[in-house]
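Each chain, letter by letter, is given below.
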Amino acid sequence: MPVYNASCWLEECLEAILNQDFSGTMELSVFDDASTDGSRAVIEGWRSRFEARGVTMLVSGHISDKPKGVGFAKNQAVAQSTGQYLCFQDADDVMMPERVRLQYETSVLNPNSIVGCQVRRVPEGSTERYTRWINSLSQEQLLTQIFTSHGPTVIMPTWFCSRDWLLQIGPFHEGGKGVPEDLLVFYESVRQGGRVLRVDECLLLYRYHEHAATHSVLEETIWNLRVNFLQQRVLSQWECFTIWNAGKQGRKLYRSLSPANQKKVKAFCDVDENKIKKGFYTYEESSERPKPKIPVLHFRASTPPYIVCVKLDMTGGVLEENLLSLQLTEGVDYYHFN
């Protein structure tokens with residue numbers, strides 16, 4: 001558990017860890033990343049209660065003018081721990097009593113995997129679409145929807161994995177504020193053939209607040225990582241493809257692709273008659289002469305495979321119905337990118 005100025009949440013967080021129904025050996029490894037709000041004292045105040053339950057507490061940290069970042073703190077907490085399996089916990093979240101037990105049982109059977117769980121967002125109703133996405137992805141979609149702007153399909157505060165697997169795919173990037181260290185490790189896990197699994201029970205109260213570290217990561221940083229991973233994992237396997245969305249997001253994806261992959265784009269497709277009437281998209285920024293012109297078609301006149309750049313869960317089911325009407329298979333005929 002990495003900690004930075006979390007004193008207002010720690011009592012609830014620590015009590016939940018102490019109340020786990022896991023019957024095996026458990027330890028709590030905490031690294032305090034230069035907190036200035038007395039977080040370290042709060043944690044130490046729980047030591048006797050943890051030890052009375054047979055749970056070892058390993059607490060360290062550093063005093064500095066500024067924190068070294070979540071990646072550094074996670075690496076330190078992992079390095080000082082001894083467990084064969086690792087359960088990641090954010091100091092502002094609250095785990096359910098059965099979390100460690102249920103994720104451990106899944107992880108033991110799937111050692112080369114990252115195991116997540118369903119969550120309940122606090123306050124209720126914050127990030128509604130994101131929470132629905134986290135909780136409703138099918139087992140197949142945990143791997144097919146890894147390119148969307150939501151990030152890892154099992155979110156970092158729910159991760160559980162074997163130490164051996166993390167040592168193979170890690171450590172976390174220590175670039176500090178603005179680095180999506182969880183996404184980088186998640187992609188590396190997938191790259192090395194790791195499975196992505198989820199225990200389909202709500203095992204975490206996942207807190208939303210303005211000071212969360214995730215808010216420090218720039219959207220453009222995430223975009224570039226996603227585009228690069230899409231090109232490595234999917235576009236390198238395709239000879240040609242269609243971008244589903246002739247609007248702003250579809251055109252941005254096209255401009256972000258390598259020249260080789262831009263040449264693979266055979267068309268944009270859309271449902272907007274105004275975009276379709278224009279007939280083509282001209283890549284004005286291109287240094288090529290003549291400038292590339294990519295056809296814009298109605299989706300029924302286009303052909304797979306597709307990279308879908310339409311926001312999920314935002315069209316009242318129309319996008320999903322259109323994809324279904326073409327009898328396409330996600331992860332084969334199309335991938336979601338938005």
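These lines cover the structure that appears in this document, whether it is placed above or below. All values reported here derive from a predicted model rather than from experimental measurement.

### Topic: the sheet that holds strand β10 (residues 265-270)
Ordered in space as β11-β12-β10-β9-β13-β14, the six strands form an open sheet in which the pairing is mixed. Strand pairing shows two members of the sheet lacking a second neighbour, β11 (280-282) and β14 (334-336), which therefore form its edges. Strand-to-strand twist of the sheet, defined as the mean angle between neighbouring strand axes without regard to direction, takes the value 25°. The pairing of strand β9 (residues 241-244) with β10 spans four bridges and is parallel. Across the sheet, W244 pairs through a bridge with C269, a residue of β10.

### Describing the packing of aromatic side chains
Overall, the coordinates contain 20 aromatic pairs when judged by the stated rule. When the centroid spacing of 6.3 Å and the interplanar angle of 65° are considered together, the rings of W46 and F50 count as edge-to-face. Taken together, a centroid distance of 5.2 Å and an interplanar angle of 90° make the contact between Y254 and Y283 edge-to-face. Of this pair, Y254 sits in helix α11 (residues 248-256) while Y283 sits in the loop between β11 and β12 (293-298), placing them 29 residues apart in sequence. Side by side, Y254 and Y283 carry an identical accessibility label, which is buried. Members of the aromatic cluster, each reached through a chain of ring pairs, are F147, W159, F186, Y187, F229, W238, F241 and Y335. Between R49 and the ring centre of W46, over which it is positioned, the NZ or CZ distance is 3.8 Å.

Reading the values: rules and limits
- Residues numbered from 1 in each chain as written.
- Predicted model: local features only at pLDDT ≥ 70, side-chain atom pairs only at ≥ 80, totals over all residues.
- Heavy atoms only, no water.
- Pairing = 2+ DSSP bridges.
- Helix = DSSP H or I, 4+ residues; strand = E, 2+ residues; numbered from the N terminus.
- Axes fitted to C-alpha atoms, helices over the stretch in contact; angles between N-to-C directions.
- Phe/Tyr/Trp six-rings, centres within 6.5 Å; stacked < 30°, edge-to-face > 60°.
- Buried < 20%, exposed > 50% of the residue type's maximum accessible area, 1.4 Å probe, protein only.
- Lys NZ or Arg CZ within 6 Å of the ring centre and 35° of its normal.

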